[in-house]
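Given next are the chains, with one letter for each unit.
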Amino acid sequence: MDEIMSKNNSEYLIERNDNVYEVVIGLEVHAQVTSNSKLFSSSSTKFGAEPNTQVSLVDAAFPGMLPVINEFCVKQAIKTGIGLKAKINNKSVFDRKNYFYADLPQGYQISQYKYPIVGEGNVILDMPEGQKQIGIERLHLEQDAGKSIHDIDPSNTLVDLNRSGVALMEIVSKPDLRSPDEVNAYIKKLRSIMRYLGTCDGNMQEGSLRADVNVSVRIKGSTDLGTRCEIKNVNSIKFMQMAIIYEANRQVDLIEEGQEIDQETRLFDTKKNETRSMRSKEDAHDYRYFPDPDLLPLEVTDEFIVKLKSEIPELPDDKKKRFIDEFKVSPYDATILVSDIDTAKYFEEVVAKMGKNSDMKLAVNWITGELFAVLNDKNIEIAQSPISAKNLAKLINLIKNGTISGKIAKTIFELMLDGDIDPQIIVEEKGLKQESDPKALEALIDKIINDNREKAIEYKQGKEKLFGFFVGQAMKASGGKANPQLINEILKKKL
Amino acid sequence: MSEITSLTLYELIKNIKEKKISSNEATKSFVDRAEKSKKINVYVTENFENCLKLSKEFDDKPNFDLKLPGIPIAVKDLFCTNEVRTTAGSNILNNFVPTYESTVTQNIWNEGGILLGKLNCDEFAMGSSNETSFFGNVQNPIAEDLVPGGSSGGSSAALAANLTPVTIGTDTGGSIRQPASFTGTVGLKPTYGSCSRYGIVAFASSLDQAGPMSKDVKDSSILLEVISSFDKKDSTSIDFQRNNYSSELTRNIKGLKIGIPKEYRVDGMPDEIEKLWKKGIEYAKDCGAEIIDISLPHTSYALPTYYIVAPAEASSNLARYDGVKYGLRSSGKNLIDMYEKTRSEGFGEEVKRRVMIGTYVLSSGYYDAYYLKAQKVRQLIKQDFDQAYNKVDAILTPSTPSSAFKIGEKSNDPVSMYLNDIFTVPVNLAGLPGISIPAGVDKNNYPLGLQIIGKPFDEQTVLNIAYSMEEKINYKNNITDWWMK
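Everything quoted here is computed from the prediction, not taken from an experiment. (Residues numbered from 1 in each chain as written. Chains lettered and ligands numbered in written order. Predicted model: local features only at pLDDT ≥ 70, side-chain atom pairs only at ≥ 80, totals over all residues.)

(A) Representation of the overall build of chain A within the structure. Counting its secondary structure elements, chain A contains 16 helices and 16 strands. The globule rule puts the C-alpha radius of gyration for 495 residues at 23 Å, and the 30 Å found for chain A is more than 25% above it. Based on the C-alpha atoms only, the size of chain A along its principal axes is roughly 95 × 60 × 55 Å. Look at the contacts in chain A between residues 6 or more apart in sequence, and 69% of them connect residues 24 or more apart. (Helix = DSSP H or I, 4+ residues; strand = E, 2+ residues; numbered from the N terminus. Rg over C-alpha atoms; globule rule 2.2 N^0.38 Å. Contact = placed C-beta atoms within 7 Å.)

Written as structure tokens, this is what we have:
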């Protein structure tokens, strides 16, 4: 095992003096449940509304107001649990986590403590060196708090309760992650699964996905866990990775200096790229968890779970396997295609339109190459692709059947962007059809050789480099439409 | 027509339906009497003008099919009432005006009831004498400087003083039944889950239950019928088939088995309570019931269990009163300072005491020893009743271990105050229905009550037994209107 690990491309080790340390990471991911209304109230969850416009009496904790569970959110959590191959608990309990803060109207957060709705599961990561399984400890449902805004008014903190009461799933991993790369893969995989399920949009900019990162270090080979620090509320993968690298090195430095690591909660300062102590274990909140007496234990029957299972779509791991088996796509390409449900959907649409006997590799390359570049450039998702799967399929078939060259295809692709134009029409209107008539090409080449007699002689005398010159001239003369293969063949013959 | 105010709810409804009394006339009588009764301090907020206006509107367009046709009713100030200040007896909600209505009060207005005003109570319903209210003591109409019980002390006093034909209270550990017992009135705590808790300022969520308070048993049955309803807005509300309690009310309790729990003979219980209980047993027998001795072995643990569970829940329920969103806000240097000042100034001593106890029993390291253990004991107490109900249909006990005491007599001795709830608390812990009916007087002529405890959802049997015994007991309050002189 160690030998395999040492060849590990995504491995992250810290060497100090003669010691080699590995980092042990566990994540508590907070994923906002995709739902029109909040976990215990009917207020809207829409992002970006005017402050305090999506707040019910329950969300603002008015006297006598009571929470009523949103069944849809429960279904979403169970579906996510199924996606994580996890045990769904027939009985779970909502607890109150008590603490005072201005953006926590009730003075407690309703969460699940001892009895979460989802138990142990796992996710598979596709790392460059192979697959790795990461254990899931649990998934539970909880309310989000509101937002405190400290930088609008110089002397007051303003509170926006739009987010107060929004349903979150806290997904707790086992301490199975060993490197920033694995964290990257884990978050992306989790997000991918939830997007497939439609249970969380995974939008990190809007705060739909955030994580608390638990980091400890130990001498490589040791099986004991070191003292961990928890880095709170990191909201991008990049920051998670930066925070882990900083924190792991800080801990290693302390150990090398013979110091103890304090178990504490830390904050990541994105501007200074460092973690800072927020509170020590001694100062840790006593949340006084106890079962919320306003809510009965949440009971779900096996029938309910079975029914939800039947609604689960094909998930990334299965889809990948199918792409490899059915479309003979390489595992590497399949991983990329299935990582995002919309990409997978797009690819399958392209395949359906172009036919299974068409060129899969070409389809993959065009999607992950040209199309991704455009999407990146325009900063849009594939669901908003300016070129439909149908038209991309046509373009690929035009290449495959020799109507156009790959080079011309790129020109056509650029033209297609302007309103998803049918490539066939572009070919016809612009006369971009590849010239594959040998007679026409022979005539064209004869003329070129005739016009460049001296160079033709030089070539025949051994200056083989000049072959490229003739190809270029032929392509130029044909306006780029000449079939390059035929040009090659004819030139070789004629020269 | 001063006697209007001394009519029972049933009689008043009858007179209104027969158009002998108009809603407005009735309202006027209660308002007039209230104006002369300020001394007993039952009202925190009066709604007289609006009530008079609404009663007129009712008379202009009467609907006699309603269960409470144009009946003016004052309610405990723990029920949130739309556009009418709701304080829970606390300074921290001194300025709080809800924009919503509790389900229980809405049910009353839907049946034609009209809000007279909001009645004094112990702060956040924490107390047994109404002495913890920010709005001052309430006088028991029975005698000067006597407490009316608590926490629904304003409700019991208003009822006994004929300031409202009927009222509603809330009962977490005896807060309906004990004040009823102290004022010679009837108070029913329904099965947990019968009446919605939506819109009731929470004290201890797993124990709180609203219920009717009235001059006689029949009136309680009428009001229970109105306020008991399944409510989706309360997750602990229970969807069971509710009776037409008033029309199914009967004095035929022949053959019903009534249990007498030996553990309710507590040390130091006054002789007159013992005598009252014995008398009650004889009345029950006279009504045709069969008396059976039973045991509720965990009874002595009920009070300590209650004083862990209730403060624990209260400490969390009251966290929302932080000066941020509504209610009192004291200014502070920063957020924490503002919290401390607001809650120091906003809460009274008893509330602070219970918040402290609750915070303590839930804190890590103590949770298992206190809260968790209390929850386990609570199950045992519930099992005691379950087992007893294999043998009997209902249980008869005294309502309280003593009669009403003087204002100030126990206010510096919280434990002695807590002992008031010794017979009522087990009923809340087990979620059962229980009623207190007046059954006699002590040596000072202060009223004493008997409690009938029923099976879950069996309010009908509880009411029927109370109804039969009430007739035999034939108790009448002797109210002299001393506060008007």
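That shown, we press on.
(B) View of the overall build of chain B. The secondary structure content of chain B amounts to 15 helices and eleven strands. Whereas a compact globule of 485 residues would reach a radius of gyration of roughly 23 Å, chain B reaches 21 Å, a difference of no more than 12%. Expressed as lengths along the three principal axes of its C-alpha atoms, the size of chain B is roughly 60 × 55 × 45 Å. Among the 485 residues that make up chain B, the fraction classed as buried is 60%. A separation threshold of at least 6 residues defines the contact pool for chain B, and within that pool the share at least 24 residues apart is 77%. (Buried ≥ 20, exposed ≤ 12 C-beta atoms within 10 Å, placed from the backbone.)

(C) Expanded view of the sheet that holds strand S4 (residues 166-171) of chain B. Residue and element names in this part refer to chain B. Taken together, eleven strands build an open sheet; the order of strands is S1-S3-S2-S4-S6-S5-S10-S11-S9-S7-S8 and the sheet is mixed. Of all strands in the sheet, those with a lone pairing partner are strand S1 (43-46) and strand S8 (290-294), marking the two edges. Each strand of the sheet is rotated relative to its neighbour by a mean of 30°, with strand direction disregarded. (Pairing = 2+ DSSP bridges. Axes fitted to C-alpha atoms, helices over the stretch in contact; angles between N-to-C directions.)

(D) The packing of helix H2 (residues 71-83) of chain A against helix H5 (residues 302-310) of chain A, seen in detail. Residues and elements named next belong to chain A. Remark: H2 packs on H5, axes separated minimally by 10 Å, with the N-to-C direction vectors making an angle of 70°. When the axes of H2 and H5 are compared, the pair comes out roughly perpendicular. Where H2 crosses over H5, the two elements pack in a sense that is right-handed. Residues Lys-75, Ile-78, Lys-79 and Ile-82 of H2 form the contact with H5, whose own contacting residues are Ile-305, Leu-308 and Lys-309. (Parallel < 35°, antiparallel > 145°, perpendicular 65-115°, else oblique. Left-handed = near helix turned anticlockwise from the far one by under 90°.)

(E) Summary view of the interface of chain B and chain A. Opposite the 33 residues of chain B that make contact, chain A presents 25 residues. Of all the elements in the fold, those that place two or more residues in the side of chain B that touches chain A are helix H9 (302-317), helix H10 (335-346) and helix H11 (349-362) of chain B. The element contributing the most residues to the side of chain B that touches chain A is H9 of chain B, with three residues. Of the residues in the side of chain B that touches chain A, the class split is 15 nonpolar, ten polar and eight charged. (Nonpolar A, V, L, I, M, F, W, Y, C, P; charged D, E, K, R; others polar.)

(F) Molecular detail of the sheet that holds strand S15 (residues 290-291) of chain A. All names here are of chain A. What the three strands build is an open sheet, ordered S5-S4-S15; its pairing is antiparallel. Looking at which strands have only one partner, the edges of the open sheet turn out to be strand S5 (108-111) and S15. Judged from the four bridges that link them, strand S4 (residues 95-98) and S5 form a sheet pairing that is antiparallel. Across the sheet, the residue bridging to Lys-97 is Gln-109, located in S5.

(G) Looking closely at the domain arrangement of chain A. Residues and elements named next belong to chain A. When its domains are assigned, chain A resolves into domain 1 (2-309), domain 2 (314-430) and domain 3 (438-494). Spacing between the C-alpha centres of domain 2 and domain 3 amounts to 33 Å. Facing the four residues of domain 2 at the interface are four residues of domain 3. Looking at the side of domain 2 that touches domain 3 residue by residue, the classes come out as one nonpolar, two polar and one charged. (Domains from an automatic or database assignment.)

(H) A look at helix H15 (residues 459-473) of chain B. All names here are of chain B. Helix length check: H15 (15 residues) gives 20 Å between terminal C-alpha atoms against 21 Å at 1.5 Å per residue, within 8%. Of the positions making up H15, those classed as buried are Glu-459, Val-462, Leu-463, Asn-464, Ile-465, Ala-466, Tyr-467, Ser-468, Met-469 and Glu-470. For H15, the elements touching its buried residues are helix H7 (217-227), strand S7 (257-261), helix H8 (271-286), strand S9 (394-398), strand S10 (434-441) and strand S11 (447-454). Phi turns positive, to about 50°, at Asn-474, one or two residues after H15. (Expected span 1.5 Å × (residues − 1).)

(I) Spatial organisation of the environment of Ser-6 of chain B. Residue and element names in this part refer to chain B. Within the secondary structure layout, Ser-6 lies in the segment before helix H1 (9-17). For Ser-6, a count of 15 C-beta atoms within 10 Å translates into the label partly exposed. When the C-alpha atoms of Ser-6 and Pro-456 are compared, they prove to be 33 Å apart, with 450 residues separating the residues in sequence.

(J) Structural detail: the nonpolar core. Counting residues in each nonpolar core, the largest one holds 244 residues, and the members touching the most others are Ala-77, Tyr-186, Val-213, Val-350 and Ala-363 of chain A together with Ala-466 of chain B. The greatest single-element share of this core, amounting to nine residues, is contributed by helix H3 (residues 180-197) of chain A. Lining this core are residues from two domains, each supplying at least three of them: domain 1 (2-309) and domain 2 (314-430) of chain A. Setting aside anything within four residues of it in sequence, one finds Ala-466 of chain B in contact with Val-217, Ile-435, Ile-437 and Ile-452 of chain B. Listed in part, the nine residues of the second largest apolar core include Ala-474, Ala-482, Leu-486 and Ile-487 of chain A. (Core = buried A, V, L, I, M, F, W, Y, C linked by C-beta atoms within 7 Å.)

(K) Spatial organisation of the environment of Gly-130 of chain A. Along the chain, the position of Gly-130 of chain A falls in strand S7 (residues 130-143). The sequence separation of Gly-130 of chain A and Asn-9 of chain A amounts to 121 residues, and the corresponding C-alpha distance is 9.8 Å.

(L) Main features of the packing of H7 of chain B against H15 of chain B. Residues and elements named next belong to chain B. It is at 9 Å that the axes of H7 and H15 come closest, and there the two elements cross at 160°. Regarding the angle of H7 to H15, the classification is roughly antiparallel. Contacts between H7 and H15 involve Val-217, Lys-218, Ser-220, Ser-221 and Leu-224 on the former and, on the latter, Glu-459, Leu-463, Ala-466, Tyr-467 and Glu-470. Split by residue class, the contact of H7 with H15 holds five nonpolar, two polar and three charged.

(M) A look at the environment of Lys-406 of chain B. All names here are of chain B. When you line up the elements, Lys-406 lands in the loop between S9 and helix H13 (414-418). Distance from Lys-406 to Val-147, taken between C-alpha atoms, is 5.8 Å for residues 259 residues apart in sequence. When near neighbours in sequence (up to four residues on either side) are disregarded, Lys-406 contacts Asp-145 and Leu-146.

(N) Inspection of the pairing of strand S2 (residues 19-32) of chain A at higher detail. Residues and elements named next belong to chain A. Across the 14 residues of S2, eleven count as buried, placing the element largely inside the fold. For strand S1 (residues 13-16) and S2, the ladder comprises four bridges, and the chain directions are antiparallel. Opposite Arg-16, over in S2, you have Asn-19 as the bridge partner. Two successive antiparallel strands, S1 and S2, enclose a turn made up of two residues, where Asn-17 displays a positive phi of approximately 50°. Where S2 and strand S11 (residues 209-219) come together, eleven bridges link them in antiparallel fashion. What sits directly across from Ala-31, in S11, is Leu-209. As paired strands, S2 and strand S10 (residues 167-173) are joined by five bridges and run antiparallel to one another.

(O) A look at the confidence of the model for chain B. Across chain B, the average pLDDT comes to 97, with 100% of residues at 70 or higher. Both confidence scores are given for the complex: pTM 0.91, ipTM 0.97. (pLDDT = per-residue confidence, 0-100.)

(P) How the structure looks around the confidence of the model for chain A. Per-residue confidence for chain A gives a mean pLDDT of 92; residues scoring 70 or more make up 98%. Contacts for the low-pLDDT stretch residues 1-7 of chain A, under 50 throughout, to residues beyond four places or in other chains number three contacts.

(Q) Seen up close, H8 of chain B. Residue and element names in this part refer to chain B. Taking 1.5 Å of rise per residue, 16 residues should cover 22 Å, and H8 covers 23 Å from first to last C-alpha, within 8% of that figure. If you check which residues of H8 are buried, you get Ile-273, Leu-276, Trp-277, Gly-280, Tyr-283 and Ala-284. With its buried residues spanning 115° around the axis, H8 presents them on a single face. Away from its buried face by more than 90 degrees, H8 exposes Asp-271, Glu-274, Lys-278, Glu-282 and Asp-286. Its buried side turned inward, H8 meets S7, S8, S9, S10, S11 and H15. Backbone geometry just after H8 places Gly-288 at a positive phi near 100°. (Arc of directions from axis to C-beta.)

(R) Inspection of unusual backbone geometry at higher detail. For the bond running from Gly-150 of chain B to Ser-151 of chain B, omega is 10°, close enough to zero to count as cis. Topologically, Ser-151 of chain B is positioned in the loop between strand S3 (114-119) and helix H5 (153-160). Within the chain, Arg-288 of chain A stands out as a residue other than glycine whose phi angle is a positive 45°. Its 25 C-beta neighbours within 10 Å are what place Arg-288 of chain A among the buried residues.

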